[in-house]
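# Overview (structure and organization)
What follows is the residue order along each chain.
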Amino acid sequence: MSYSVQQIKFECFSYIKEFGARMEDWSIGVADDPEHALFGLCGVHPERDIWLWKPALSPHAARAVYEFMISRYRLHPAPASSASSAGRCVFMYRRMG
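Keep in mind that what you see is a predicted model, and the values were worked out from it rather than measured.

## What to know about the state of the cysteines
- Enumeration according to the criterion identifies zero disulfides in this entry.
- Here C42 stays free of any disulfide, with the sulfur of C89 as its closest cysteine sulfur at 14 Å.
- Unpaired in this structure, C89 has its nearest cysteine sulfur neighbour in C12, at a distance of 12 Å.

## Comments concerning the side chain of K9
- Inspection of the secondary structure puts K9 in helix α1 (residues 5-19).
- With no salt bridge to any partner, buried K9 finds its closest opposite charge in E67, at an N-O distance of 12 Å.
- When sequence neighbours within four positions are dropped, the list of residues in contact with K9 reads V65 and F68.

## Quick notes on the packing of aromatic side chains
- A full pass over the atoms with the stated rule returns six aromatic pairs.
- When the centroid spacing of 5.5 Å and the interplanar angle of 25 degrees are considered together, the rings of W51 and W53 count as stacked.
- A relative accessible area of 29% means that W53 is categorised as partly exposed.
- An aromatic cluster is defined as three or more aromatic residues linked by ring pairs; in this entry it consists of F13, F68 and Y73.
- Lying across the ring of F68, K9 places its NZ or CZ 3.7 Å from the centre.
- In this structure, K54 is placed above the aromatic ring of Y3, and the distance from its NZ or CZ to the ring centre is 4.8 Å.

## Some words on the packing of α1 against helix α3 (residues 59-73)
- Between α1 and α3, whose axes approach to 9 Å, the crossing angle comes to 45 degrees. Considering their axes alone, α1 and α3 lie oblique with respect to each other. As α1 packs across α3, the resulting crossing turns out to be right-handed. For the pair α1 and α3, the contacting residues are V5, I8, K9, C12, F13 and I16 in the first and A61, A64, V65, F68, M69 and Y73 in the second.
- Classifying every residue of the contact of α1 with α3 by side-chain character gives eleven nonpolar, no polar and one charged.

## Re the pattern of salt bridges
- In this structure the tally under the stated criterion is three salt bridges.
- A salt bridge links D25 to R22; the shortest N-O distance between them is 3.1 Å.
- A relative accessible area of 54% places R22 in the exposed class.
- E24 serves as the salt-bridge partner of R74, at 2.3 Å between the closest nitrogen and oxygen. Here R74, found in the loop between α3 and β3 (76-77), pairs with E24, found in the loop between α1 and β1 (26-31); they are 50 residues apart in sequence, far enough to count as distant.
- What makes R74 exposed here is its relative accessible area of 52%.

Rules behind the numbers
Residues numbered from 1 in each chain as written. Predicted model: local features only at pLDDT ≥ 70, side-chain atom pairs only at ≥ 80, totals over all residues. Heavy atoms only, no water. Disulfide = S-S within 2.5 Å. Helix = DSSP H or I, 4+ residues; strand = E, 2+ residues; numbered from the N terminus. Buried < 20%, exposed > 50% of the residue type's maximum accessible area, 1.4 Å probe, protein only. Lys, Arg positive; Asp, Glu negative; His and termini not counted. Salt bridge = Lys/Arg side-chain N within 4 Å of Asp/Glu carboxyl O. Contact = heavy atoms within 4.5 Å. Phe/Tyr/Trp six-rings, centres within 6.5 Å; stacked < 30°, edge-to-face > 60°. Lys NZ or Arg CZ within 6 Å of the ring centre and 35° of its normal. Axes fitted to C-alpha atoms, helices over the stretch in contact; angles between N-to-C directions. Parallel < 35°, antiparallel > 145°, perpendicular 65-115°, else oblique. Left-handed = near helix turned anticlockwise from the far one by under 90°. Nonpolar A, V, L, I, M, F, W, Y, C, P; charged D, E, K, R; others polar.

Listed below in structure tokens is the structure:
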């Protein structure tokens, strides 16, 4: 199942609201393999950390969510997500410390 830009934004905001913290305490990225990006490249722990990923309708839709959350709400770009990434999945995690 794929999600629209608005659905993914809603999920991101729901997580931030539910798990607290400031917007700046979260990182967001796009990837074709969000599991590898989160757990391998970003060092997120699957059980201890707070994270999510959602497949978007297209790489363009995923990028729209990513750009919106970074520019408007100051989320940090995830280290695993490069400026040229054409991934279809949006991932987000709460940065600790």
